[in-house]
Amino acid sequence: MRQRGLVAEVIPPVLSLVAALALSGLIIAALGSSPLPVYKALLLSPFESLATFSEVLVRMVPLLLSGLAVAVAFRCGVFNLGVEGQLYLGAFAAAWVGFALVGPGIVLIPAALLFGALVGAVYAFLPGVLRAYSGASEIVTTIMLNYVAINLTTYLVTGPFRAPNAATADSEPIAATAHLARFLPESRAHVGLFIALSLAVGLYILLYQTTIGYELRMTGANPRFAEYGGISVRRTVLIAMLLSGVLAGLLGAIEVLGVQYRFRSGFSPGYGFDGITVALLARVEPLAIPFAAFLFAVLRAGASIAAVDTEVSREVVDVLQAIIILFVTAEGLWSFVRRRHVVAAGQRG
Amino acid sequence: MKSKPMIVLVILCLLLAACGSGGAATPGGATTAAPIAASPTVEATMAASAPVITDGTVGAGASPTGEAVEKLRIAMFVNGALGDKSFWDSANAGVRRANTELGAEVRVVEGGFDVSSWEPALRRLAQADYDIILVGTFQMPDIVNSVAPDFPDKKFILFDATVDQSNVANISYAQNEGSFLAGVLAGCVANSDLPNVSGDKTVGVVGGEDVAVINDFVVGYEQGAQYVDPEMQVLKAYVGTGAPAYNDPAKAKELATAQFSDGASIVFQVAGGSGLGVIDAAKEQNRYAIGVDSNQNGEAPGVVLSSMLKRVDNSVFDLIQMEATGSLRTGKTYLYGIQNDGVGLAEDKYYDQHVPQECKDQVDRAKQDIASKKVRVKSGFK
């Protein structure tokens, strides 16, 4: 499937985008506004200056990491819908390193990232074990564990770790040495972007160049065949969940060290679920995920510009955003389903 | 393969994700209990009748005079969404009034619920051609601290929170004073001969979460109830933590029902959107309730005896008007309490009709006692 022509890969999403824009244009026109300024704000304004473009980069990082976290599990046939919970715990763990410990950045930053990744992995390990050894559906357990994680972190910052004198449920700020470097002047774009991009490449190498990657893909394609071929499906499922949790934990950690600088309860606008869409849009291919995340990030950045620059209400902009994502993803989803059908047919035949 | 059910689930998840991006999954928005930031510079006492300026630092904002006759251009950034029938709609009413009465050009931008998008959105608004930018809620001080210094010739008004910036005028509300009045009303009602009182010397309060700003309401309420009758017992409960605590009427109803069955005659809700559950419980249990922020008396006439109002609209309009006449001073905090109609009880036709005269008198006396500093209301901020 990766041999399919580039044109064949690119044209359907572009057509979807055009169809989505046409439909949303009709909606805006029906509401009595001109669609052009909204298009401009949504799709072009993010590129109008370094400042606006850097916001796209800021928003891209969590979407990219979440897409990777979802994808690595997907490829193994595991549905980690618990990225949201794992990223909250990872974020809190990293924030804890940042506010409880002192030291130079060269120690603090790796420590915070590693601790965040570790906590995310441990939290993903739990549903992984349940799936591998008791057959409990990871879809149910991961979703349920999201609530546990989100509410646990909220408890931690309203209770034992609340910043003194704070009116909000936030942790203390992390040490300034733990901030990730920002690489563009007067913007929030931080080096977490490069970490995320290299993880995308890393995941590609892992999936296609290593034994573990082969085992992951085989287990995802056909677990019985994999087992027959000598692959331990249980072990492979566990590895996939661990990797997914590592990526989710890193997502949280990088958001804290790069953007938030403290743990804020409820800081994620659903990154863990956005990752599902991002991963599907990218056909679950690690190297395509940065592009899918970028498209999402442009829309997100564009939506907040549209809210400021145009008179169209926020809800309408949200609707447009959703239509575009729906159209583009529906195309991705369709090819995903088609591919699964081919696999399923292969199994039957 | 079990791929078919999986795919169905994935599609369901996609739908979830699509909704999530619209804001449903995101807490952190406009909680109607509308907390304020802890401010070491604002004392919860009132002095003169004009808005009180605390914090004696010198205002170094843009030149305040000379441009009074020009048309003001105002922008308000809503970190959340309008339509809460409470805090934000009240603020919106204030800026709209500036439009009709002062001819100011007004623009309201809804920032939605993605916390990380607020800073760039506010920055963009600050770059646009507005004279004053209004920002509200305790969630914004960090962002204002980051944005305001980069726009030294713009003026910001931060309401319901405070920062120490030379081009920001802060508005703070003495909700503890308003809640004191609510407490006086509650205490008096519990001792009154209204048909649905329990007979116990007990009143209740349901707060959103156990944080300083909510406790500012709770502390004032308790003090007020015990001001009427030192033996008055005040039951306290909190809905939960974080933003969801202000959007969980079922839990609030449960808590209020428990308080009613423990003998509370009346329960004060300080829980934003959750508070409607308290009113529901009062209706079902045949007891009484007190609303918060906006006038909720009409939600259940005769059950909601009054509401503790936080007049965001008045305060916002006042400061815009000050700017129009050139008297707004930035780098200050304007305190809105009972004296300048910043907080108070909703005394409408339902209040007139259903509250015993004796209690109305007690409330009026309490107002005077606060104004004359005979009573000093405690604060939830430490």
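Position numbers for residues count from 1 along each chain, tracking the sequence in the order it is written. Going through the entries in the order they are written, you letter the chains from A and number the ligands from 1. Confidence filtering applies because this is a predicted model: local features only for residues at pLDDT of at least 70, side-chain atom pairs given and counted only at 80 or more, and all residues used for totals across whole chains, interfaces and linings.

Observations concerning the overall build of chain A
Right, so step 1: A run of H or I in DSSP becomes a helix once it reaches four residues, and a run of E becomes a strand once it reaches two; helices and strands are each numbered from the N terminus. A tally of helices and strands in chain A yields 13 helices and 0 strands.
Right, so step 2: The linear arrangement of helices and strands in chain A, starting from the amino end, is α-α-α-α-α-α-α-α-α-α-α-α-α.
Right, so step 3: For 349 residues, the compact-globule estimate of 2.2 N^0.38 gives 20 Å, and the C-alpha radius of gyration of chain A, at 21 Å, lies within 12% of that figure.
Right, so step 4: To sort residues by exposure, count the other C-beta atoms lying within 10 Å of each residue's C-beta; 20 or more gives buried, 12 or fewer gives exposed, and values between give partly exposed, all with C-beta atoms placed from the backbone. When each of the 349 residues of chain A is scored for burial, the buried share is 54%.
Right, so step 5: Residue pairs qualify as contacts under a 7 Å threshold applied to their C-beta atoms, which are placed from the backbone. Nonlocal contacts in chain A, meaning residues at least 24 apart in sequence, comprise 78% of its contacts between residues at least 6 apart. Here the globule rule reads 2.2 Å times residues to the power 0.38, and the radius of gyration is calculated from C-alpha atoms.

Considerations on the packing of helix α4 (residues 83-100) of chain A against helix α5 (residues 105-134) of chain A
Residues and elements named next belong to chain A.
Right, so step 1: Whenever a helix is involved, its axis is fitted only over the stretch in contact; in every case the axis is a line through C-alpha atoms, and angles between N-to-C directions fall within 0 to 180 degrees. Between α4 and α5, whose axes approach to 8 Å, the crossing angle comes to 150 degrees. It follows that α4 is roughly antiparallel to α5 by the angle criterion. In this structure, the crossing between α4 and α5 has a hand that is right-handed. Here α4 contributes Gly85, Gln86, Leu87, Leu89, Gly90, Ala91, Ala93, Ala94, Val97 and Gly98 to the contact with α5, which in turn contributes Leu108, Ala111, Ala112, Leu113, Phe115, Gly116, Ala117, Val119, Gly120, Tyr123 and Ala124.
Right, so step 2: Residue polarity is assigned by list, with Asp, Glu, Lys and Arg as charged and Ala, Val, Leu, Ile, Met, Phe, Trp, Tyr, Cys and Pro as nonpolar; anything else, Gly included, falls into the polar class. Partitioned by chemical class, the residues of the contact of α4 with α5 number 15 nonpolar, 6 polar and no charged. For this classification, under 35 degrees means roughly parallel, over 145 means roughly antiparallel, 65 to 115 means roughly perpendicular, and everything else is oblique. For any helix crossing, the convention is left-handed if the near helix is rotated counterclockwise from the far helix by under a right angle, and right-handed if that rotation is clockwise.

Some words on the environment of A:Ala124
Residue and element names in this part refer to chain A.
Right, so step 1: Among the structural elements, Ala124 can be located in helix α5.
Right, so step 2: For the pair formed by Ala124 and Leu145, sequence separation is 21 residues and the distance between their alpha carbons is 9.2 Å.
Right, so step 3: Not counting chain neighbours up to four residues away, the residues in contact with Ala124 comprise Asn80, Gly82, Gln86, Met241, Leu242, Ser244, Gly245 and Ala248.

Focus: the sheet that holds strand β7 (residues 202-207) of chain B
Residue and element names in this part refer to chain B.
Right, so step 1: If you trace the 6 strands from one edge of the open sheet to the other, you get β8-β7-β9-β10-β11-β13, paired in mixed fashion. Bordering the open sheet on either side are β8 (233-238) and β13 (343-345), each of which pairs with just one other strand. The average angle at which neighbouring strand axes cross in this sheet is 15 degrees, direction not considered.
Right, so step 2: Any two strands with at least two DSSP bridges between them are considered paired. Direction of pairing for strand β10 (residues 288-293) relative to strand β11 (residues 304-310): parallel, over a ladder of 5 bridges. When the sheet's bridge partners are listed, Gly291 is paired in β11 with Ser307.
Right, so step 3: Along the sheet, helix α6 (residues 212-228) contacts β7, β8 and β9 (266-270); its crossing angle with β7, the most-contacted strand, is approximately 170 degrees.

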